[in-house]
Amino acid sequence: MLHRPSLGRKAFLLSNNAFLTVTAVLCLLPLVHVLALSFSSSSAATAGYVTLWPVGFTLASYEFALGKPEFLQSFSVSLQRVALGAVINMFMTVIVAYPLSKETRQFRWRTVYVWFFVVTILFSGGLIPSFMVVKQVGLLDTLWSLILPGAVPVFNVILLLNFIRSQPKELFEAAFVDGAGHWSVLWTIVVPLAKPALATLLLFTCVGHWNAWFDGLIYMNRPSGYPLQTYLQTVVINRDPSLMTTPEELKALSQISDKTTKAAQIFLASLPILMVYPFLQKYFIQGITLGSVKE
């Protein structure tokens, strides 16, 4: 028998949908403004006429941004970082989370190792010791300095191990009875079952690598090794004259607005994540409750 929602329930749903709609619009407006600014003419952007629609439509800012070797080089560095970093992070997350998901009677030192990893979330070694370690092992000014220091994402490990613990134990027991080892159980049972969880963690990992900028600033001595977000930080926030010294670039900037070029580069930097997210969106809601306690 179907029950009609009460008046209070209808009012709650209406107010909740209205609140979420307003929040979504407020989150989207800055990106729309940046996009409109990137397609606008220099005079309109300088005069402040651009809001949510381009004024004096032009592609000059994108031509300038895509024609900069420094921008393309930093874009390439970020792509390499995301590709290598995501593979390493996900592999380390899986092989660390699986043994930690076992009970104490199966893995005697499980609690000790769990607390060992948890402490690294609460306390870090500090910026200077981290820099000294990266320098002493010879990773300074290389792509690996952006990947290996964070090779084991502890927060993702905790989420995944709780997800694995929530799975029926009978599946693993049946596999062991049939003669499967831990390695076979991990890759033939755990990983396929954890596909939604892994997809969500992959999205978090890719976004984290793509948006990181500070490590590139401290570990890279040459601007040619900057990842994209570090390059944008030096151009948009702390303008570095060494990144724009050629006469051609100075002449181009005299014809286009500095605001429109910054907006074009910011939107181009956001585009890869905007393109990837729709393919992983169906797993995102499951990721919200990932690692939650279940009865």
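Residues numbered from 1 in each chain as written. Predicted model: local features only at pLDDT ≥ 70, side-chain atom pairs only at ≥ 80, totals over all residues. Heavy atoms only, no water.

*Asks:* Which parts of the structure should I look at to understand the confidence of the model for the protein chain?
*Replies:* One rule of thumb: low pLDDT means the predicted coordinates there are not for detailed reading. Of all residues in the protein chain, 87% attain a pLDDT of 70 or more, and the chain-wide mean is 84. Per-element confidence in the protein chain ranges from a low mean pLDDT of 56 for helix H13 (residues 247-253) to a high of 93 for helix H4 (residues 69-100). (pLDDT = per-residue confidence, 0-100. Helix = DSSP H or I, 4+ residues; strand = E, 2+ residues; numbered from the N terminus.)

*Asks:* How do you make sense of the nonpolar core when you look at a structure like this?
*Replies:* Here is a general trend for soluble globular proteins: nonpolar side chains tend to be buried in one another's company. In terms of nonpolar packing, the biggest core is built from 29 residues, with Tyr-62, Phe-71, Leu-228, Tyr-231 and Leu-232 touching the most fellow members. Mapped onto this core, the elements with two or more residues apiece are helix H1 (7-38), helix H2 (42-47), helix H3 (60-66), H4, helix H10 (195-211), helix H12 (228-237) and helix H14 (258-288). Sequence-distant contacts of Phe-71, that is, excluding residues within four places in its chain, are made with Ala-65, Leu-66, Leu-228, Tyr-231, Leu-232, Gln-265 and Leu-268. (Core = buried A, V, L, I, M, F, W, Y, C linked by side-chain atoms within 4.5 Å. Buried < 20%, exposed > 50% of the residue type's maximum accessible area, 1.4 Å probe, protein only. Contact = heavy atoms within 4.5 Å.)

*Asks:* How do you make sense of the pattern of salt bridges when you look at a structure like this?
*Replies:* Side chains that differ in sign of charge can pair as their charged atoms come close. For the structure on display, the rule yields five salt bridges. For the salt bridge of Asp-215 with Arg-81, the shortest nitrogen-to-oxygen distance reads 2.5 Å. Here Asp-215 is found in helix H11 (residues 214-219), whereas its partner Arg-81 is found in helix H4, with 134 residues between them in sequence. Here Asp-215 matches Arg-81 in class, with each residue buried. Salt-bridge contacts for Arg-222 lead to Asp-141; the nearest nitrogen and oxygen are separated by 3.0 Å. Of this pair, Arg-222 sits in the loop between H11 and H12 while Asp-141 sits in the loop between helix H6 (127-136) and helix H7 (154-165); the two residues are 81 residues apart in sequence, bridging distant segments of the chain. (Salt bridge = Lys/Arg side-chain N within 4 Å of Asp/Glu carboxyl O.)

*Asks:* Would you mind showing me how to read H10 here?
*Replies:* Two residues of an α-helix separated by three or four positions point the same way, owing to the 3.6 residues in each turn. Taking 1.5 Å of rise per residue, the 17 residues of H10 would be expected to cover 24 Å, and the 24 Å separating its terminal C-alpha atoms lies within 8% of that figure. What H10 keeps buried is the set Pro-196, Ala-197, Leu-198, Ala-199, Thr-200, Leu-201, Leu-203, Thr-205, Cys-206, His-209 and Trp-210. (Expected span 1.5 Å × (residues − 1).)

*Asks:* What should I look at first to understand a nonpolar patch on the surface in this one?
*Replies:* On the surface, Trp-115, Val-119, Ile-121, Leu-122, Phe-123 and Phe-155 cluster together to form a nonpolar patch covering roughly 700 Å² of accessible area. When residues in the nonpolar patch are grouped by element, the largest group, four residues, is from helix H5 (residues 110-122). Position of Trp-115 relative to the elements: it lies in helix H5. (Patch = residues over 30% accessible without salt bridge, like charges linked within 9 Å, V, L, I, M, F, W, Y side chains within 5 Å. Areas by Shrake-Rupley, 256 points an atom, 1.4 Å probe, with all protein chains shown as cover.)

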